[in-house]
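# Commentary on secondary and tertiary structure
Here's the letter readout for the chains.
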Amino acid sequence: MKTSKKEFVAEAEDIIEAASISLLSLQGSFTPDALNSLFRAFHTMKGVSGLFGLNGITNLCHSLESLLDDIRFGRIELTDEAINFIFRNIDLLRRLISQTAGGMETDDTAVAVKEIESFRQMSKGSSGEVSLEDLGISHSILNVLSEYEEHRLKVNIRDRNGIYLVKSVFELASLESGLESLSASLKKIGDVIAILPSSEGVPDGSIGFTILFGSPSDTDAVKKTASAAGVEAIMPPKAHLSQPAEKLKDISLKSAATTVRVDIEKLDSILNTLAELTLTKDAVQRISRELAGTFGYTPLTMDAHRIGQTFQRKLGELKECILELRMVPFSQIFSRLSQVVRRYTRETGKDIEIEMFGGDTEIDKYIAEEIIDPLVHIVRNSIDHGIEAKEERISSGKKENGTVTIKAFTQGNNVVVTIHDDGAGINLEEVLKKAQKTNLVHEYETFKHKESINLIFLPGLSTKESVNEISGRGVGLDIARQKIVSLGGFIDVKTEVRKGTTFTITLPITLAIVKALIVGAAKERFAVPLTAISETFVIEPFKIQTIDAIEAVSLKGEMLPLIRLARVFHLKEEQNTEYFGVVVRAGERRFCFLVDEVKGRTEVVIKPLGGHLKNVFGISGAAEIGRHEVILVLDVESIVEEAFLSKMTGGR
Amino acid sequence: MKILVVDDCQTTRKLLGLYLKGKGFEVSFAENGLDAIEKLGAGSVNLVITDLNMPYMDGIELIKNIRANSDLSQIPILMVTTEADPEEQQRAYSAGANGYLIKPVTAEKVISNIKQIIKDIFVNQKGGASDA
């Protein structure tokens, strides 16, 4: 109910905006099209409000429709006055809708509807001739009005004044002064059109008067002015409606819709500023620490410390708010994926059931857009190569239809997507054979089960030929992997012959701000995404061992293959008395990057690499740290892969 | 061999710098033409890689300035830019560029162009020597 009302408000506001625009264009120059679209706007609004039982709005729209009909058929001229009148009613509509949005159920529009009716009456006929017949002024009065008085009455009606009958009884003695003072005070707030003697209900020795009075003031004000006299309102002033509208102007202009669409680039620029603010915060905290170091914990330094803390906390809150704005539910991706799957199953003729879980898992909008293609690749692979033909499935005792299960869930700072098929699995021996044949790996290289499967992500393995020869996959998997890595994620695959294959994609929840460790090697600085790092430690040179020409270092009993970062980029290595080891994860294995310096962790804002230089090995992107300072982000996966496949890990 | 990389984009400077260093070159950087001239003044630069569109002084102005300076005029210059307009390319060559690459470009391509430029110059010098 709440949602549907929200939708109504959003739609109604759109309609009102459209109506305002049409009306504005009519003000410039008259076109039947603009008039028709204005008519349609009110008509649609009538329908929509009717659906929600907002009878007041429905009635108001209906009256406006009638008015526009009159204009369309030339019964009423579209004067500036008419345009302004419609504008006022659009304002009223806007106000009513914002009241509806605010939960108020008051959509009584009887007065406005009556007003539109009288406006139509007044405007009909040539040159805005006002008909006095329907006003409800008794004939006994109308009949005795002089031509001038009648004109004055019409002028008052046209000027949207309220029309009142002020009835007063005076004793003969005080008649003159009494009437004088009454009409004098009335004249201050309006126009005394006619003073008519009346005898109705007047005691002897007194004389009654009925004053036909036109005034922009409302009934209460007239009553107050007329003090003892009785006031009968024939027609309330139109200003009665437009005045509060004027007062409420700032409210009525305010949009009641609570959703806005924002360009993701704008959010990015906010994040950039936020990252800069983070540096400012760091500076403030550093200064407060230094102050405390110099002056001790005086009230002033404590104060500075507290301010730094508050700064940090508030900045954190702000960051979370902004990041939340970028989030979209995974169901958006799912719905696009299921379209692809439907189309694809039709093409391949395989009956495949697709199951999706975790549609409400949230992910950064940018990542959501970028991950679609890799996901499509992988899902298509599962359908194409993973799931066997029907006959094969039946003969191996599986259920006839294959199933692809896609799950998305949040795990710490990551979103994990798994794509599982209950197909034939990947024949690893064939994969390895193929890889050796195409010289991607040397024949003498042996692989553990876990490692050889990663060969399917090699570019050379995705040729057409290999698809035919290898029962597994290959098409585009290298490209999919590249994309995932460039997003700061990684992909892992597990397969079991005859049971099926599971791809596991781990993605950062957001790309915009990434926690990274800044490391230095051969005087160059790099950022390593914290998601890839498990720990850092100090390495003394003598602790580096060489086993089978591969350098390694022992950490808590685990032998970690060593990758000298300087060598990865062919940079001149520095001779240090101690180095730092950064333990990184790649798939199931752990490696150790050897660096000269660890400069601490920081939050970096990822910048796109496009339009620069392509194929710089080992770099997945650039990030901004602080104002105008760019740092290159390491592509941990490909560095590890290169090192481990080409044996670059060892001292060559 | 020392290469001066002139580009107003820091990411390009960093990427190109990292790659060239890995290939054994010594690399220095400038953010625009004016900055480049200042850095060139310090001497010892053997080759310039420059972007075209930059603030203060663009790549073509930089080339003209280098060619007009008797101390620097022989330095080979490779332009690497997103500008794909053939007219701009012609302007760069007329000003005295030795090569012109359009971004995005692979790092390998930059290296092979540098090698080609060095080779050309070497051949020319040899040709000049035999004439004498």
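Everything below is about the structure shown above.
Residues numbered from 1 in each chain as written. Chains lettered and ligands numbered in written order. Predicted model: local features only at pLDDT ≥ 70, side-chain atom pairs only at ≥ 80, totals over all residues. Heavy atoms only, no water.

Turning to the sheet that holds strand β3 (residues 206–215) of chain A, a few remarks are in order. Residues and elements named next belong to chain A. Reading across from one edge, β2-β3-β1-β4 is the order of the four strands in this open sheet, with antiparallel pairing throughout. The sheet terminates laterally at β2 (191–198) and β4 (230–235), the two strands that pair on one side only. Strand-to-strand twist across the sheet, computed as the mean angle between neighbouring axes with direction ignored, equals 20°. Where β2 lies against β3, seven bridges are found, and the strand directions are antiparallel. Looking across to β3, one finds that Pro197 is bridged to Phe209. The sheet strands contacting helix α8 (residues 175–189) are β1 (162–171), β2 and β3, and the helix crosses β3 at an angle near 10°. (Pairing = 2+ DSSP bridges. Helix = DSSP H or I, 4+ residues; strand = E, 2+ residues; numbered from the N terminus. Axes fitted to C-alpha atoms, helices over the stretch in contact; angles between N-to-C directions. Contact = heavy atoms within 4.5 Å.)

Residues and elements named next belong to chain B. Running from N to C, helix α2 (residues 33–41) and helix α3 (residues 59–68) cross one another at 30°; their axes reach a closest spacing of 9 Å. Taken together, the axes of α2 and α3 are roughly parallel relative to one another. Judged by the sense of rotation from one axis to the other, the crossing of α2 with α3 is right-handed. Packed against α2, whose contacting residues are Gly33, Ala36, Ile37 and Leu40, the element α3 presents Leu62, Asn65 and Ile66 at the interface. Partitioned by chemical class, the residues of the contact of α2 with α3 number five nonpolar, two polar and no charged. (Parallel < 35°, antiparallel > 145°, perpendicular 65-115°, else oblique. Left-handed = near helix turned anticlockwise from the far one by under 90°. Nonpolar A, V, L, I, M, F, W, Y, C, P; charged D, E, K, R; others polar.)

Our focus in this paragraph is the pattern of salt bridges. Residue and element names in this part refer to chain A. This model, assessed by the stated rule, comprises 31 salt bridges over all chains. Notably, a salt bridge pairs Arg590 with Glu535, separated by 3.4 Å at the nearest N-O pair. Remark: Glu535 occurs in strand β14 (residues 533–539) and Arg590 occurs in strand β19 (residues 589–595); sequence separation between them is 55 residues. In this structure Glu535 comes out as partly exposed when scored by relative accessible area, which is 22%. (Salt bridge = Lys/Arg side-chain N within 4 Å of Asp/Glu carboxyl O. Buried < 20%, exposed > 50% of the residue type's maximum accessible area, 1.4 Å probe, protein only.)

Bringing the sheet that holds strand β8 (residues 402–411) of chain A into the picture now. All names here are of chain A. Taken together, five strands build an open sheet; the order of strands is β6-β8-β9-β11-β10 and the sheet is mixed. Edge positions in the sheet fall to β6 (352–357) and β10 (490–496), since each of these pairs with one other strand and no more. Within the sheet, the average angular offset between the axes of one strand and its neighbour, ignoring direction, is 15°. The pairing of β10 with strand β11 (residues 500–508) spans seven bridges and is antiparallel. By the bridge assignment, Glu496 is partnered in β11 with Gly500. Taken strand by strand, helix α15 (residues 365–386) contacts β6, β8, β9 (414–421), β10 and β11, and its axis lies near 20° from that of β9.

Residues and elements named next belong to chain A. Unusually for a residue other than glycine, Lys523 sits at a positive phi of about 70°. Among the secondary structure elements, Lys523 is positioned in the loop between β12 (513–521) and β13 (524–529). Judged by its relative accessible area of 74%, Lys523 falls in the exposed class. At His570, a residue that is not glycine, the phi angle is positive and equals roughly 55°. The topology assignment puts His570 in the loop between α21 (565–568) and β18 (579–586).

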